[in-house]
Amino acid sequence: MGIKAPLICRKSAAYQLSVNACTHILSIYIPTTKGSDETDYYSMQKFLMGWEGGEQQSTINSMGSGKMEQWPWSRWVWSKGNVPKHSFICWLAGHGRLLTRVRLQKMGVTQDTMCTISDNAPETIEHLFFDCQFSRACMQAMAKWLNIGVQNTILQGIWRRLTRGVKGENYRILVNSVLAALIYAIWKARNEALWHQRVPNPGTICSQIQ
C-alpha cells in the first residue's frame with residue numbers, strides 16, 4: 001500500500017516549486033555544452049522539459065495529484081527512513097524512467113547502448129540493477145554487511161527478498177534505506193563513468209553508504 005501524497009493546488013506556489021524541483025533533479029548530470037560525444041544537448045533538454053510526449057510532465061503532475069499510488073514498490077521506495085533524493089531515483093528506476101543508454105537510443109539521442117560501467121552489455125535498468133558485475137558486487141557487499149543472504153539480485157522484488165527474514169520495524173527501515181542508497185549510488189557511479197570516465201571502487205561505495 002502506497003503513501004498518500006499531499007494534495008497540492010496546481011496554481012499554488014507550492015506546486016510550482018515542486019515542478020521546478022523535479023525538473024532540476026531530472027537535469028542533474030546533463031552536459032552544459034553543445035557537441036557532447038554522448039548526447040545532443042538540445043534534444044535532452046527538450047525531453048527533460050516534457051516536450052517529447054509530455055512524459056516527464058505527466059510524472060510530475062501525478063506526484064502532486066493527491067492520489068494514492070497503486071504500486072507494489074511504494075512501501076520501500078517511500079520508506080520514512082529513506083533520503084528523499086534516493087527515493088526519487090528509486091521511483092524513476094521502478095517506473096523505467098531513468099535515462100539509460102538503451103532508452104536514450106530509442107529517443108534518438110545516442111547510438112551507443114553499451115553499459116558505461118562494464119561496457120559488456122546493453123545499458124538497461126535491469127542490467128544496472130543488478131545484472132552488471134559492478135552493481136552485483138556492491139549489492140553482495142551490502143547484503144553481507146546487513147547479515148542477509150540473497151542469491152537473486154534482480155531488481156524486481158529485491159526489497160521483498162532482502163526484508164523477508166528481517167525482524168523488527170527499525171531493522172526493516174534500515175534495510176530499505178540501504179537499498180535506496182545503493183540504487184542511488186550506482187546511478188551516480190554510472191553518471192561519473194559517463195561524464196568523467198571514472199568508475200569508483202565497489203568498496204568505496206559501500207563504505208560511503210555504511
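Please read all numbers here as calculations on a predicted model, not as lab measurements. (Residues numbered from 1 in each chain as written. Predicted model: local features only at pLDDT ≥ 70, side-chain atom pairs only at ≥ 80, totals over all residues. Heavy atoms only, no water.)

### With respect to the packing of aromatic side chains
So, point 1. Per the stated rule, a full pass over the model turns up 2 aromatic pairs.
So, point 2. With centroids separated by 6.4 Å and ring planes inclined at 20 degrees, the aromatic side chains of Phe 88 and Trp 91 adopt a geometry described as stacked. Of this pair, Phe 88 and Trp 91 both sit in helix H5 (residues 84-94), separated by 3 residues, roughly a single helical turn. Here Phe 88 matches Trp 91 in class, with each residue buried.
So, point 3. Summarising the aromatic geometry, the rings of Phe 129 and Phe 130 are spaced 5.8 Å apart at their centres and angled 75 degrees between planes, so their arrangement reads as edge-to-face. Residue Phe 129 shares its accessibility class with Phe 130, and that shared class is buried. (Phe/Tyr/Trp six-rings, centres within 6.5 Å; stacked < 30°, edge-to-face > 60°. Helix = DSSP H or I, 4+ residues; strand = E, 2+ residues; numbered from the N terminus. Buried < 20%, exposed > 50% of the residue type's maximum accessible area, 1.4 Å probe, protein only.)

### Structural notes on the packing of H5 against helix H10 (residues 169-196)
So, point 1. Interhelical geometry of H5 versus H10 gives an angle of 75 degrees and a closest axis separation of 8 Å. Regarding the angle of H5 to H10, the classification is roughly perpendicular. Within the contact between the two elements, H5 uses Lys 85, His 86, Ile 89 and Cys 90 and H10 uses Ala 180, Ala 181, Ile 183, Tyr 184 and Trp 187.
So, point 2. In the contact of H5 with H10, the residues fall into 7 nonpolar, 1 polar and 1 charged. (Axes fitted to C-alpha atoms, helices over the stretch in contact; angles between N-to-C directions. Parallel < 35°, antiparallel > 145°, perpendicular 65-115°, else oblique. Contact = heavy atoms within 4.5 Å. Nonpolar A, V, L, I, M, F, W, Y, C, P; charged D, E, K, R; others polar.)

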